[in-house]
Structures are given as C-alpha cells and as structure tokens.
Amino acid sequence: MLKETGVRITPQRHAILEYLINSMTHPTADDIYKALEDKFPNMSVATVYNNLRVFKEVGIVKELTYGDASSRFDYITTEHYHVICEKCGKIVDFHYPGLDEVEALAAHITGFEISHHRMEIYGTCPDCTTKKAH
C-alpha cells in the first residue's frame, strides 16, 4: 500500500506501521517511541511524529483527538467507532455497519453531500470498573 503512494519504506517507518497495525490500544506518538527506542536508539520522538504525519497524509493512519492532552493514532482498516473510558482513556474499536444508513438519511433529508461521520461512546472500561469495586 505504501509503495502505491510513493512513500519510501525505511526500517523506522516499517516498525512504526507494524506497531500501529498490531496495537489495539490506539497509542500516542510517545507510546510508539518508547516501544521502539530499544530497537532504534537513534530514532527521536520527532521522527515518530513526522512518520505518523506522512501516514496520515497518505490515508493509512487516522489521528484521534478526544480533547485530552495527546493525540492517539489508529491504523485504518475498516470504518469503525470508538468506545472511550472516561477514567483511564483506553479506546476500544467496535464495528456497527447499521450506522451507514444515517449518512444516507442525512443526505436525503438535508440535501448535503455527506463525506463522513464520527461517533464516540463514553463510559468506564471493565478494568476501571473492577478497580472501583475494590
């Protein structure tokens, strides 16, 4: 996919992307940097940010900003939504194809040409609920 976009594949880019693909936690740039610093001691946080920006520009990574201090990054596979823990900030994906109808309905009712939608659901994750109970 990267080759098609003309983006050069460096070992760092490969490692960052691989980490994002395998990560279910929607990591911050700092998380990615910390996870890869042993493997790439010469890589800086700026390198991670720059590569994430490149991935974002070519459309394979999405930047998630939910009002907290730092952006989180998500490798784009399919359209999905996020459930966010209000206590620890954990973000979990879920897929609900039924909401595609909402775009069609919005277009029909308003006459808008719809480009996309975003939905977030907030609550307390099982880990935080367990901690609260003890």
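Conventions adopted
- Chains are numbered independently. Their residues run from 1 in the order of the written sequence.
- With pLDDT at 70 or above as the cut-off, local features in this predicted model cover only qualifying residues; side-chain atom pairs require 80 or more to be listed or tallied, and sums for whole chains, interfaces and linings still use all residues.
- In computing side-chain properties, one takes all heavy atoms of the structure into account and sets aside hydrogens as well as water.
- Both cavities and pockets are sets of points on a 1 Å grid over the protein atoms alone; in a cavity a 1.4 Å probe fits but cannot get out, in a pocket the set is open with protein on both sides within 12 Å along at least five of seven lines, and lining residues sit with an atom within 4 Å of a point.
- Grid points are joined across faces, edges and corners, and a volume is the space filled by probe spheres set on the points.
- Only DSSP runs of H or I reaching four residues or more are called helices, and only runs of E reaching two or more are called strands; each is numbered from the N terminus.
- All amino acids are sorted into three groups, where Ala, Val, Leu, Ile, Met, Phe, Trp, Tyr, Cys and Pro are nonpolar, Asp, Glu, Lys and Arg are charged, and the leftover types, Gly among them, are polar.
- Segment limits for the domains were obtained from an automatic or database-derived domain assignment.
- UniProt positions are given in the numbering used here, feature names are shortened, and annotations may be inferred rather than shown by experiment.
- Each residue's exposure class comes from its accessible area (1.4 Å probe, protein chains only) as a fraction of the maximum for that residue type: buried when under 20%, exposed when over 50%, partly exposed otherwise.
- The criterion used for residue contact is that any of the two residues' heavy atoms lie within 4.5 Å.

The computed volume of the largest pocket comes to approximately 220 Å³. Contributing to the lining of the largest pocket are 13 residues, with K62, L64, H80, H117 and R118 lying nearest its centre. Elements that contribute at least two residues to the lining of the largest pocket include exactly strand 1 (61-64) and strand 3 (81-85). When the residues that make up the lining of the largest pocket are grouped by side-chain class, the tally is four nonpolar, five polar and four charged. Split by domain, the lining of the largest pocket shows at least three residues from each of two domains, domain 1 (2-75) and domain 2 (80-131).

In this section: the UniProt feature "binding site: Zn(2+)" (unreviewed entry) in the chain. Following the UniProt record, the feature "binding site: Zn(2+)" (unreviewed entry) maps to C85, C88, C125 and C128 here. Judged by maximum C-alpha separation, these annotated positions cover 44 residues in sequence but sit close together in space, the widest gap being only 8.3 Å. With respect to the secondary-structure elements, C85 resides in strand 3. Looking at C85, the relative accessible area reads 4%, which means it is buried. With near-sequence residues (within four places) excluded, C85 lies in contact with K90, G123, T124, C125 and C128. Along the chain, C128 turns up in helix 6 (residues 126-133). A residue is classified by how much of its surface remains accessible, and C128, at 8% relative accessible area, is buried. If sequence neighbours within four positions are ignored, C128 has contacts with C85, K87 and C88.

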